[in-house]
Amino acid sequence: MAKNTGASKFRKVDVDQYDEEIYVEEAEQQEEGDQGPSESEVNTFLAQGKNAEALGVVLKNPPVGTKNQAVKDRAVQLAVRVLTTFKSSEIDPALKSLDSKSLDTLMKYIYRGFEFPTENSSAALLTWHEKTFAVGGLGAIVRVLTDRKRV
């Protein structure tokens, strides 16, 4: 038989804090490093023909923490410019050198590039998407589409 202890501790738990409908977005702090990739560094690598290094610079510092849309748009334009400079034979070795986080960031840039197509960018982005999907798998697409932090 159960004892009645008179405990009322369970009544002090706020169950409403676990309600999905009352979601408060976390306060994102603006970091100094969240200004996106360095355009001058990327331009230097592109001028030297070092496309893989330029891609690494673009993926190293994505502006996911900033709320400034101009910074994000500038980073996407820079990323699309880097991606369109690659020849199709250079894409596979560049993708093999990337880790999982960089592949996800690359997929974010590819999807954002699809939102604002420019001349010849769609064909290049489709090629990049196909090859990135082959390396990253379906998980890369799911992680990008469900992530709240966009580039």
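Throughout, residues of each chain are indexed from 1 in the direction in which the sequence is written. Given that this is a predicted model, residues contribute local features only at a pLDDT of at least 70 and side-chain atom pairs are listed and counted only at 80 or more, while totals for whole chains, interfaces and linings are drawn from all residues. Think of the side-chain values as coming from all heavy atoms in the structure, minus any hydrogens and water.

As named in an unreviewed UniProt entry, the protein chain is Actin-related protein 2/3 complex subunit 5, taken from Potamilus streckersoni. Under the UniProt heading Function (unreviewed entry), the note attached to the protein chain is "Functions as component of the Arp2/3 complex which is involved in regulation of actin polymerization and together with an activating nucleation-promoting factor (NPF) mediates the formation of branched actin networks. Arp2/3 complex plays a critical role in the control of cell morphogenesis via the modulation of cell polarity development." UniProt positions are given in the numbering used here, feature names are shortened, and annotations may be inferred rather than shown by experiment. Its UniProt record gives the protein chain a comment under Subcellular location (unreviewed entry), which states: "Cytoplasm, Cytoskeleton".

> Looking at this structure, I do not really get the packing of helix α5 (residues 100–115) against helix α6 (residues 121–136). What am I missing?
What describes two packed helices is the angle between their axes and the distance between those same axes. Axis definition: a line fitted to C-alpha atoms, over the contacting stretch in the case of helices. Angles run 0 to 180 degrees between N-to-C directions. Counting from the N terminus, the helices are DSSP H or I runs at least four residues long and the strands are E runs at least two residues long. Contact pair α5 / α6: the axes reach a minimum separation of 10 Å and the direction vectors enclose 150°. Here α6 runs roughly antiparallel to α5, going by the angle between their axes. Crossing of α5 over α6 shows left-handed handedness. For the pair α5 and α6, the contacting residues are L103, L106, M107, I110, Y111, G113 and F114 in the first and S122, L125, L126, W128, H129, T132, F133, V135 and G136 in the second. Lys, Arg, Asp and Glu make up the charged group, whereas Ala, Val, Leu, Ile, Met, Phe, Trp, Tyr, Cys and Pro make up the nonpolar group; the residues left over, Gly among them, are polar. Looking at the contact of α5 with α6 residue by residue, the classes come out as 11 nonpolar, 5 polar and no charged. Angle categories: roughly parallel below 35 degrees, roughly antiparallel above 145, roughly perpendicular from 65 to 115, and oblique for all the rest. Handedness of a crossing is defined here by the sense of rotation of the near helix relative to the far one, left-handed for an anticlockwise turn of less than a right angle and right-handed for a clockwise turn. Contact between two residues is taken to exist if any of their heavy atoms lie within 4.5 Å; hydrogens are not considered.

> Just checking my understanding: could you explain the pattern of salt bridges for this structure?
Side-chain pairs of opposite charge can arise where the charged atoms are in close proximity. Salt-bridge detection follows one rule: a side-chain nitrogen of Lys or Arg within 4 Å of a carboxyl oxygen of Asp or Glu. In the structure shown here, the tally under the stated rule is 7 salt bridges. The shortest N-O distance in the salt bridge between R143 and D104 comes to 2.7 Å. Here R143 is found in helix α7 (residues 138–146), whereas its partner D104 is found in helix α5, with 39 residues between them in sequence. Among the charged side chains, a network of salt bridges with common partners joins D73, R112, E115 and R150.

> Even after reading the chapter, I still don't get a nonpolar patch on the surface, so can you show me in this structure?
Together, V13, V15 and Y18 line one region of the surface with nonpolar side chains, adding up to about 350 Å² of accessible area. Along the polypeptide, V13 turns up in the segment before α1 (39–47). Only residues above 30% relative accessible area that lack a salt bridge enter a patch, with like-charged residues linked at up to 9 Å and the nonpolar side chains Val, Leu, Ile, Met, Phe, Trp and Tyr linked at up to 5 Å. Each accessible area is a Shrake-Rupley estimate made with a 1.4 Å probe; only the visible protein chains count as cover when residues are assessed.

> Even after reading the chapter, I still don't get the nonpolar core, so can you show me in this structure?
Inside soluble globular proteins, nonpolar side chains tend to come together where they are buried. Counting 32 residues, the largest nonpolar core has V42, L55, V82, L106, Y109 and W128 as the members making the most contacts within it. At the level of secondary structure, the elements contributing two or more residues to this core comprise α1, α2 (51–60), α3 (69–85), α4 (88–96), α5, α6 and α7. A per-element tally of this core places α3 first, with 7 residues. Here, the term nonpolar core denotes a set of buried Ala, Val, Leu, Ile, Met, Phe, Trp, Tyr and Cys residues that are joined through side-chain atoms within 4.5 Å. Throughout this description, buried means an accessible area under 20% of the type-specific maximum (1.4 Å probe, protein chains only), exposed means over 50%, and partly exposed covers the range between.

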